[in-house]
Amino acid sequence: MCAYTGHEVTFWLRSEGSIERTKPKIERYSSLMIADLEKAKTLVGNPMGAFMYPRGLIRDWNGLTAEDIDKLIEKGKENLKNNVAIEFDMAKAVKGADIVIESMSEDPKAKIGVYEAMKDLLDENTILCTNSSTMLPSTFAEYTGRPDRYCALHFANTIWKNNTAEVMGHPGTDPKVYDKVVEFADEINMIPLQLHKEQPGYILNSMLVPFLLAAQALWANEVADPHTIDRTWELATSAPAGPFKILDIIGLETCYNINQMNLDANIEGTTTYKINKLVKAIFDVLKMSATLERGISQRRKN
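Residues numbered from 1 in each chain as written. Predicted model: local features only at pLDDT ≥ 70, side-chain atom pairs only at ≥ 80, totals over all residues. Heavy atoms only, no water.

### Observations regarding the overall build of the protein chain
Along its length, the protein chain carries 11 helices and 7 strands. At 21 Å, the protein chain has a C-alpha radius of gyration in line with the 19 Å of a compact globule built from 302 residues. With respect to the principal axes defined by its C-alpha atoms, the protein chain has extents near 55 × 55 × 50 Å. Sorting the 302 residues of the protein chain into buried and exposed places 39% on the buried side. Expressed as a percentage of contacts within the protein chain between residues at least 6 apart in sequence, the contacts between residues at least 24 apart total 66%. In the form shown here, the protein chain has an accessible surface area of approximately 17400 Å², with 54% of it arising from carbon and sulfur atoms. Across the protein chain, the mean location of the 34 positive side-chain charges is 5 Å away from that of the 41 negative side-chain charges. (Helix = DSSP H or I, 4+ residues; strand = E, 2+ residues; numbered from the N terminus. Rg over C-alpha atoms; globule rule 2.2 N^0.38 Å. Buried < 20%, exposed > 50% of the residue type's maximum accessible area, 1.4 Å probe, protein only. Contact = heavy atoms within 4.5 Å. Areas by Shrake-Rupley, 256 points an atom, 1.4 Å probe, with all protein chains shown as cover. Lys, Arg positive; Asp, Glu negative; His and termini not counted. Charge placed at Lys NZ, Arg CZ, Asp CG, Glu CD.)

### Here we look at the pattern of salt bridges
Per the counting criterion, the structure on display carries 9 salt bridges. Residue K161 pairs with D36 through a salt bridge whose shortest N-O separation is 3.8 Å. A residue pair is termed long-range when its members are at least 10 positions apart, and K161 in the loop between strand 5 (150–155) and strand 6 (164–168) and D36 in helix 1 (residues 19–40) qualify at 125 residues. In this structure K161 comes out as partly exposed when scored by relative accessible area, which is 34%. (Salt bridge = Lys/Arg side-chain N within 4 Å of Asp/Glu carboxyl O.)

### Some words on the packing of helix 8 (residues 226–237) against helix 9 (residues 243–250)
Relative to each other, helix 8 and helix 9 sit at 110 degrees, their axes nearing to 7 Å. Here helix 9 runs roughly perpendicular to helix 8, going by the angle between their axes. Residues P226, I229, D230, W233 and E234 of helix 8 form the contact with helix 9, whose own contacting residues are P243, F244 and K245. When the residues that make up the contact of helix 8 with helix 9 are grouped by side-chain class, the tally is 5 nonpolar, no polar and 3 charged. (Axes fitted to C-alpha atoms, helices over the stretch in contact; angles between N-to-C directions. Parallel < 35°, antiparallel > 145°, perpendicular 65-115°, else oblique. Nonpolar A, V, L, I, M, F, W, Y, C, P; charged D, E, K, R; others polar.)

### Examining helix 3 (residues 66–82)
Compared with an ideal rise of 1.5 Å per residue, which puts 17 residues at 24 Å, helix 3 spans 24 Å between its outermost C-alpha atoms and is within 8% of the ideal. Along helix 3, the residues that are buried comprise I69, I73, G76, N79 and L80. In a view along the axis of helix 3, the buried residues occupy a sector of 140 degrees, so they form one face of it. Helix 3 presents E67, K71, E74, K81 and N82 as exposed residues on the side facing more than 90 degrees away from its buried surface. Turning to helix 3, the residues buried within the fold contact helix 1 and strand 2 (84–87). (Expected span 1.5 Å × (residues − 1). Arc of directions from axis to C-beta.)

### Examining the environment of T228
Among the structural elements, T228 can be located in helix 8. T228 sits 10 residues away from S238 along the chain, and the two C-alpha atoms are 15 Å apart.

### Notes on the environment of C151
One can find C151 in strand 5. Classification of C151 by relative accessible area gives buried; the value is 0%. Considering only alpha carbons, one finds C151 and G251, 100 residues apart in sequence, at a separation of 23 Å. For C151, the residues in contact, after removing those within four places along its chain, are L128, C129, T130, P137, M168, G169, T173 and V181.

What follows is the structure in structure tokens.
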């Protein structure tokens, strides 16, 4: 979204091996965004168009024509192609950045490690944000080297359609910095949702996580299988996706890490323990499959 709205974006990756996973993701999301713009043309003149258009890609639906959308598509393709770079050198990646967004999985030690490696490389005026979905910025502020210029900026999934940006400071966040992050969220076509105090899970995940845990508990306790649980929710509420489809979008590693924070996660026999045992088994199989696939692909290249 930053690139789409005309901002220069650099992805910092920890190793060259990560590029094989990252480039296809960038290409996939770019193509999905452009495809949703194409679909939006069919909504022009439809009374439901004002409720169904991709809000993050089209800033104002009123009076929009198919020709206007074609211009957005042309400009969007140009921005997504020219505004995205990948860098393995952290110093080069963050140099001159107005804002840095940490988007690692929910692993406190890993996040702290990156903050400590980064803090002396950031320019004096750079704002640092975490995109953590559950953790509080006050947990990490002291490790950033700039607690007054640090806060949370959390996005939903498919943000070009679900354009939410939860902005949450900690007691040491400079109010002017907080306001700048709110302005930035608006610049990239998000709707800034401002939290007045720290809250684990923010607004969205304070509601979503208990829902997803309830679904996983039904699975772990052998009440029903994931397909049936999803189908029940979708049929009963007319929702487009059930809890396990949502978990697929979020990612199993993030799901596992969030569940692992529960006090009973490592107590054998508890529901959380059973949930994570199932999740880890699936995650390990997927990880092994991806490793084999990369190995086959490399051999083909050679």
